[in-house]
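Each chain, written out:
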Amino acid sequence: MTSATWSLIATLLAVALPAPSSAGPPPAPVVVQGAMRLETERLVGRLGGVEVEQVGGWTFWHGSLDGYPVIVSKTLKGVANAAAATAVTALRHRPVAIINQGTAGGHDPSLHLYDIVLGASALSLGAFKSPYRAAGAGSNPLDWNPLDLLASEGSAGNDPRAQAVARFRPDEALLAAARSVKQTYTRGRVVEGVIGSSDVWNDELDLIARYHSEYGTSVEEMETAPAAQVAGLFGIPFLGVRVVSDNVTNGEPYDPRTGEACEDYVYEVVKAYVRTLKR
């Protein structure tokens, strides 16, 4: 084979074969969760290069914000959906962090519509043990005792170590990012508090008062604590952010537009957090 032939082959191979990449794998995405369209649509509209992924009943919008990969996840409503959607994103997307955000009902009478609560902790309001009552004696949830289902390998109801409310703490870097952009939010206050989660919509003022006084709950909703629990089991940094959409303790009615206000604030939180990842 002549040198000219070898030269032609080398030229063809150089054109046909891709050059080795030195960029490395893409960075792990930030995942932002919301249960409903009114908690996700505005954020999705702010992502660049959006591609939609459907996994079962859960929707994931892949895009970018300030050049960094961000996924908006519609978890659907409730404890089971939030936990399942978090497990799906943990396994499929390997996120660097998860922010669960959306609307919530107030437990603290000093909180008003559009006030935002950063989850200094999230806790489960869905696991309790009721004391024995004879048939016909009725029921009183004010007497029920909380259960931490992760505190015991055995029967939680018979283990004194599990006789406590399950709390989930936020990631400090995410919380710091949220604090750093508080001044950008002008629709209400931004405070730190306790987000309570269960599949129960509570409008009983005595029960709400118990949760607020004994466990420190600021707001209640249905997704933060289960998402935080699953994220913790996967070792993924997590933060809950909730806006007060109604507050039965002070008579303020539901306003669905609060969801958009929360999305606007969380958009700033994500941008601030992404800046720390790019350093």
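Anything mentioned here points back to the structure above.
Throughout what follows, the structure given in this document is the object of discussion.

**Observations regarding the packing of aromatic side chains**
In the structure shown here, the tally under the stated rule is 3 aromatic pairs. Between F128 and Y211 the ring centres are 6.1 Å apart and the planes differ by 25°, which places this aromatic pair in the stacked class. Residue F128 is found in strand β7 (residues 128-129), and its partner Y211 is found in helix α5 (residues 205-215); the two are separated by 83 residues along the sequence. Assigned by exposure class, F128 and Y211 land together as buried. For the pair Y185 and Y265, a centre-to-centre distance of 5.8 Å together with 70° between the ring planes defines the contact as edge-to-face.

**A word on unusual backbone geometry**
Its identity is not glycine, yet L76 carries a phi of approximately 70°, on the positive side. Mapping L76 onto the fold places it in the loop between β4 (68-74) and α3 (79-93). We classify L76 as partly exposed; its relative accessible area is 27%. With a phi angle near 45°, R94 is a residue other than glycine that sits in the positive phi range.

**Thoughts on empty space enclosed by the protein**
What the rule picks out here adds up to 2 cavities of 30 Å³ or more. Quantified by volume, the largest cavity comes out at close to 50 Å³. Around the largest cavity, the lining residues are G119, S121, A122, F168, R169, P170, I195, T224, A228, F238 and G240. Within the residue set of the lining of the largest cavity, elements represented by two or more residues are β6 (116-124), α6 (224-233) and β12 (238-246). Its residues assigned to classes, the lining of the largest cavity shows 6 nonpolar, 4 polar and 1 charged. Of the voids in this model, the second largest cavity is the one considered here, and its volume is about 40 Å³. Taken together, V32, L43, R46, L47, L65, V70, Y267 and V270 make up the lining of the second largest cavity.

**A few points about the packing of helix α4 (residues 172-180) against helix α7 (residues 258-277)**
Between α4 and α7, the least distance of the axes is 8 Å, while the angle of their chain directions is 120°. The angle between α4 and α7 places the two elements in the oblique class. Considering the relative orientation of α4 and α7, their crossing is right-handed. For the pair α4 and α7, the contacting residues are A173, L174, A177, A178, R179 and S180 in the first and Y265, V269, A272 and Y273 in the second.

**A look at the nonpolar core**
Counting 35 residues, the largest nonpolar core has I116, L118, Y185, V241, Y265 and V270 as its most contacted members. In terms of residue count, α7 provides more of this core than any other element does, 10 residues in total. Setting aside chain neighbours within four positions, we find I116 in contact with Y185, R189, V190, V191, V241, R242, V243, C262 and Y265. Counting residues in hydrophobic clusters, the runner-up holds 18 residues, among them V31, I71, F168 and A225.

**Quick word on the layout of surface pockets**
Where empty space is left in the structure can be found by rolling a water-sized probe over the atoms. Estimates place the volume of the largest pocket at around 380 Å³. Residue lining of the largest pocket: 23 residues in total, with T103, A104, W201, E220 and E221 positioned closest to the centre. At the level of elements, β5 (97-106), β11 (217-221) and β12 are the ones that each hand at least two residues to the lining of the largest pocket. Top element by residues in the lining of the largest pocket is β5. It accounts for 4 residues. Here the residues of the lining of the largest pocket are counted per class, giving 9 nonpolar, 6 polar and 8 charged. The volume enclosed by the second largest pocket comes to roughly 230 Å³. Lining the second largest pocket are 16 residues, with V79, S124, A127, L149 and Q229 sitting closest to its centre. Those elements giving two or more residues to the lining of the second largest pocket turn out to be α3 and α6.

Parameters at a glance
Residues numbered from 1 in each chain as written. Predicted model: local features only at pLDDT ≥ 70, side-chain atom pairs only at ≥ 80, totals over all residues. Heavy atoms only, no water. Phe/Tyr/Trp six-rings, centres within 6.5 Å; stacked < 30°, edge-to-face > 60°. Helix = DSSP H or I, 4+ residues; strand = E, 2+ residues; numbered from the N terminus. Buried < 20%, exposed > 50% of the residue type's maximum accessible area, 1.4 Å probe, protein only. 1 Å grid on protein atoms, 1.4 Å probe; cavity = no way out; pocket = protein on both sides within 12 Å on 5 of 7 lines; lining within 4 Å. Points joined across faces, edges and corners; volume = space filled by probe spheres on them. Nonpolar A, V, L, I, M, F, W, Y, C, P; charged D, E, K, R; others polar. Axes fitted to C-alpha atoms, helices over the stretch in contact; angles between N-to-C directions. Parallel < 35°, antiparallel > 145°, perpendicular 65-115°, else oblique. Left-handed = near helix turned anticlockwise from the far one by under 90°. Contact = heavy atoms within 4.5 Å. Core = buried A, V, L, I, M, F, W, Y, C linked by side-chain atoms within 4.5 Å.

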